Amino acid sequence: MMLHVATRIVRGACPHDCPDTCAMHTTVEDGRATQVAGDPDHPITVGFLCGKVSNYLDRVYSDERILHPLLREDDGFRRASWDEALERVADQLLRAREEFGGESILPYSYMGTQGLIQANTMSARVMNALGASALERTVCATAGITGVVAAHGVSPEVDPEEWPHARYLLIWGWNPMSTAPHLWRKLLDARKAGARLVVVDPFRSRTARIADEHLRPLPGTDAALAIGMMRAVFDAGLHDEDWCRAYTEGYDELLSRLAEHEVEHWAEICGVESETIARVGREFAETRPALVRLGVGAQRHMGAPSAYSTIASLACLTGAWRDRGGGCSYIPTATADALSSRPLEREDLRPGPVRSINMSQLGQSLTDPQLVPPVKALVCWSSNPAVIAPDQQRVLEGLRRDDLFTVVIEQFMTDTAAYADVVLPTTTQLEHLDVVFSWGHHYMTWNEPAIEPLGEAKPNTEIFRVLATRLGLDDPAFQESDEQLVDRLLAGFDEDGLRERGWTKIDLGQGPRPHAEGGFGTDTGRAVLHADYLPPAEVTDEARAERFPLALVTPKTHLFLNSTFANQRRQHSAQPTPELVLHPDDAAPRGIEDGARVRVFNDRGDFLCLARVSDDARPGVPVAPMGWWNRDYTDGRSAQATTSQALTEAGNAPTFNDNRVEVELA
Ligand SMILES: Nc1nc2c(c(=O)[nH]1)N[C@H]1C(S)=C(S)[C@@H](COP(=O)(O)OP(=O)(O)OC[C@H]3O[C@@H](n4cnc5c(=O)[nH]c(N)nc54)[C@H](O)[C@@H]3O)O[C@H]1N2
Ligand SMILES: Nc1nc2c(c(=O)[nH]1)N[C@H]1C(S)=C(S)[C@@H](COP(=O)(O)OP(=O)(O)OC[C@H]3O[C@@H](n4cnc5c(=O)[nH]c(N)nc54)[C@H](O)[C@@H]3O)O[C@H]1N2
Ligand SMILES: [Mo]
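Just so it is clear, the structure is predicted and the values come from calculations on it, not from any experiment.

Participant: Is there a simple way to explain the overall build of the protein in this structure?
Facilitator: Within the protein one finds 23 helices and 26 strands. Over its C-alpha atoms the protein spans a radius of gyration of 25 Å, differing by no more than 12% from the 26 Å that the globule rule assigns to 666 residues. Its C-alpha atoms give the protein principal-axis dimensions of roughly 70 × 60 × 60 Å. Counted over contacts in the protein with a minimum sequence separation of 6, partners at least 24 positions apart contribute 78%. Here the protein has roughly 24100 Å² of accessible surface; of this, 47% comes from carbon and sulfur atoms. In the protein, 65 side chains carry a positive charge and 96 a negative one; their mean positions are 3 Å apart.

Following this line, the structure appears as structure tokens:
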């Protein structure tokens, strides 16, 4: 007998915080999703999904999904109706506002979903109307953006689809083989055509392992390395004076900065041999087209913004922008900003000005007795601060406060949700409508809901809509549907075309050589040259090094997305245990053998994990990748227990990799 099965393919977009933003096809049979696949026609997705998202259905249909509201009771949670849960939340938020003012409410969200509708639209409206504190969302790429924008303005970078034209790839603080597997393909295309791949990273990442050359500076000294390269370019007469005089500012100042020190001076600071610095600098100038591509990883230290401006200046000094595929790429701010949900947030709904709290200083904000008003209610969605925020012991201490009301909107019982008073169940990408931007390529991607919400889960937008009603917020802004929000977002864009094809390239008319003749996004249209080395806060601090001799780096894992996916069987079983990669020269004097249990500590906190003794780590620079949930660590604390809440010199961004520690056998 033939069963009739209604099968359809639904166009979707991966919502996760990754520069690749894939177009997905979901197969739905009789209301159940049965397969997800990459869109074969999408120029970046090219038909494949990564090791995190290719089994997305395991996430959607996981037994561990939270599918109804939960209320804290004694030491655990009990199931509650939406009515009861919303009543509790509304009551507590209004009470906090009445007693301590709206700013005692702190919204906390990041990029659990990058959807322009689900990330922060209705939520922002509700928080604005309550007069809640503003959250400064700078935890990811802001230090680097601050630096690159200081050099280029908000300006088109080198379109990844042009990267295959490059013949020299200088990949700086980026591990795309793990963290951007589709953009990585574009680099591989260049390599197949003969490009040389040079990676700048203290750690031998997967990308560094297969590179043609690997330069290993001390964390936070990238500007010194870049200035050394520029000096070598100048010494060899390979600087492009004509291009710089025509299209940049600060050329003469740059040359006088370069005259101050020989390459050896910079080599000593960054710990890379001067001959290597000089040769790579010359090769970058002579091999054309030459592309420098900055990652997010090199900016987690005090001086990062000026380091990013300085590295961008290298591509200017050599005139790399003249060539198709040459120049400097980081985050394509111009195309990413072209489609903005900011106007949907409705800051005009605020009753007055509000204070701002930096998301990397959550620990401080929750525990500082001097803070007026104190944070009394935390509303968290699309983020897992118990894992991703620095100075974890302060964060957890804050989350444990009895007088803090916490509501967490989640798909899973994360380390943060475990501290909540109320947990509200939210949908996955297959269950809601959205449009997703990209911070790696130039496409926006449509996400049609493929299936009905599971259980009692609701999209973020809907949760804040129903909460608004409970809070007595009656402005029509709180009842706009997701479709109406999308229409507003896409005003001026071809929405029908986007829906039909699933993705649209944002074309700013930049062409294949966007800055061959200047045209930068700065006020003058000229790139602004920099050669500024600002030392890291801890890495080069000799007094601190006496107590804490090692500089710890906490990069991303291959198969988790920050802490997302770390609870899923396939991903977790492939990387089951947190580790500390330690160079043999650091391990031996401490009596640490491969596989030993170690304690890593400084004056902020400590954590336990297993040591992997390997020269993948640079001497003096151990590496503890981040993302495992706290339950995977013996004492429930991760590397994040050692990281600092200090913010970068500009951009107010975190300094996760500017972190001195000591390691001992546990
Ligand atoms: N598989 C996977 N993919 C991801 C993520 C994930 O968690 N897992 N996270 C996503 C997110 S949110 C982001 S922001 C991106 C990040 O993507 P990446 O930029 O690749 O991020 P990281 O792994 O943090 O850092 C990259 C490299 O920078 C090196 N590094 C650290 N400090 C320094 C330094 O001072 N100088 C230099 N030159 N290098 C340094 C690290 O050793 C690391 O190998 O990836 C996204 N994609
Ligand atoms: N030490 C150290 N710390 C770091 C970093 C580092 O390199 N080192 N990287 C930093 C960086 S670059 C970033 S971007 C941040 C990431 O910080 P976060 O954005 O907080 O990242 P995740 O840990 O992935 O947590 C996202 C959560 O959102 C949930 N979620 C997913 N979709 C939805 C949805 O539709 N609705 C709701 N309500 N929830 C959803 C997921 O289940 C997950 O628990 O971490 C930062 N922290
Ligand atoms: Mo990030």
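So, next bit.
Participant: What's the story with the sheet that holds strand β23 (residues 579–582) in this structure? I'm lost.
Facilitator: Whether parallel or antiparallel, the strands of a sheet pair through hydrogen bonds between backbone atoms. Pairing is mixed across the open sheet formed by five strands, whose spatial order is β22-β26-β24-β25-β23. Of all strands in the sheet, those with a lone pairing partner are β22 (550–551) and β23, marking the two edges. With four bridges connecting them, β23 and strand β25 (residues 606–613) associate as parallel partners. The residue of β25 that forms the bridge with L580 is A611.

Participant: I'm lost on the packing of aromatic side chains in this one. Help?
Facilitator: What characterises a pair of aromatic rings is the spacing of the ring centres plus the angle enclosed by the ring planes. Here the structure, examined in full by the defined rule, presents 12 aromatic pairs. Plain terms: the ring middles of Y308 and Y330 are 5.4 Å apart, the flat faces sit at 70 degrees to each other, and that makes the pair edge-to-face. Placement of Y308 in helix α13 (residues 304–317) and of Y330 in the loop between β13 (327–329) and α14 (333–338) is noted, with a sequence separation of 22 residues between them. Take Y308: its relative accessible area is 0%, and that puts it in the buried class. Aromatic ring contacts, followed pair by pair, group W243, Y247, W321 and F520 into a single cluster. When the ring centre of W174 is taken as reference, the NZ or CZ atom of R293 above it lies at 3.7 Å. The aromatic ring of W82 is capped on one face by K458, whose charged end is 4.9 Å from the ring centroid.

Participant: Just to check I follow, could you spell out the pattern of salt bridges for this structure?
Facilitator: Any two side chains of opposite charge can pair, on the condition that their charged atoms come close. The full count for this structure, using the stated rule, is 52 salt bridges. Measuring nitrogen to oxygen at the nearest pair gives 2.9 Å for the salt bridge that ties R196 to E213. Note that R196 is positioned in strand β9 (residues 196–200) and E213 in strand β10 (residues 213–215), a separation of 17 residues in sequence. Classification of R196 as partly exposed rests on a relative accessible area of 30%. The salt bridge involving E283 is made with R196; its shortest N-O contact spans 3.6 Å. Note that E283 is positioned in helix α12 (residues 274–286) and R196 in strand β9, a separation of 87 residues in sequence. Here the residues in one salt-bridge network are R204, R209, E579, R612, D615 and D616, joined through shared partners.

Participant: In this structure, what is going on with the environment of L183? I would like to understand it.
Facilitator: Within the secondary structure, L183 sits in helix α6 (residues 181–192). L183 gets classed as buried once you look at its relative accessible area, which sits at 0%. Residues L183 and H441, spaced 258 residues apart in sequence, show a C-alpha to C-alpha distance of 8.2 Å. If near-sequence neighbours (up to four positions away) are discounted, L183 is found in contact with P19, D20, I44, P160, W163, W174, R293 and G440.

Participant: Explanation requested: the site of ligand 2 in the structure shown.
Facilitator: Surveying the vicinity of ligand 2 reveals 31 residues, the closest of which are S383, E410, K556, S563 and T564. The side chain of R59 places a nitrogen or oxygen atom 2.9 Å from an oxygen atom of ligand 2. I409 is positioned with one of its backbone polar atoms (N or O) 2.9 Å from a nitrogen atom of ligand 2. In isolation ligand 2 exposes 920 Å². Once the protein is present, 97% of that is buried. Here the shell around ligand 2 is composed, by residue class, of 10 nonpolar, 16 polar and five charged.

Participant: Just checking my understanding: could you explain the site of ligand 1 for this structure?
Facilitator: Not every one of the 32 residues close to ligand 1 is listed here, only the nearest: T179, D201, D222, F560 and N562. A distance of 2.9 Å separates a nitrogen atom of ligand 1 from a polar backbone atom of H558. If ligand 1 stood free it would expose 910 Å²; the protein chains cover 98% of that surface. Looking at the shell around ligand 1 residue by residue, the classes come out as 14 nonpolar, 13 polar and five charged.

Participant: Would you mind showing me how to read the packing of helix α8 (residues 222–235) against α12 here?
Facilitator: Between α8 and α12, whose axes approach to 8 Å, the crossing angle comes to 65 degrees. In terms of orientation, α8 lies roughly perpendicular with respect to α12. By crossing handedness, the relation of α8 to α12 is classed as right-handed. Of α12, the residues touching α8 (which contributes L225, G228, M229, A232 and V233) are I277, A278, V280, G281, R282 and A285. Considering only residue class, the contact of α8 with α12 consists of eight nonpolar, two polar and one charged.

Criteria and thresholds
Residues numbered from 1 in each chain as written. Chains lettered and ligands numbered in written order. Predicted model: local features only at pLDDT ≥ 70, side-chain atom pairs only at ≥ 80, totals over all residues. Heavy atoms only, no water. Helix = DSSP H or I, 4+ residues; strand = E, 2+ residues; numbered from the N terminus. Rg over C-alpha atoms; globule rule 2.2 N^0.38 Å. Contact = heavy atoms within 4.5 Å. Areas by Shrake-Rupley, 256 points an atom, 1.4 Å probe, with all protein chains shown as cover. Lys, Arg positive; Asp, Glu negative; His and termini not counted. Charge placed at Lys NZ, Arg CZ, Asp CG, Glu CD. Pairing = 2+ DSSP bridges. Phe/Tyr/Trp six-rings, centres within 6.5 Å; stacked < 30°, edge-to-face > 60°. Buried < 20%, exposed > 50% of the residue type's maximum accessible area, 1.4 Å probe, protein only. Lys NZ or Arg CZ within 6 Å of the ring centre and 35° of its normal. Salt bridge = Lys/Arg side-chain N within 4 Å of Asp/Glu carboxyl O. Near = heavy atom within 4 Å. Polar contact = N/O pair within 3.5 Å; in protein donor to acceptor, adjacent residues only side chain to side chain. Nonpolar A, V, L, I, M, F, W, Y, C, P; charged D, E, K, R; others polar. Axes fitted to C-alpha atoms, helices over the stretch in contact; angles between N-to-C directions. Parallel < 35°, antiparallel > 145°, perpendicular 65-115°, else oblique. Left-handed = near helix turned anticlockwise from the far one by under 90°.

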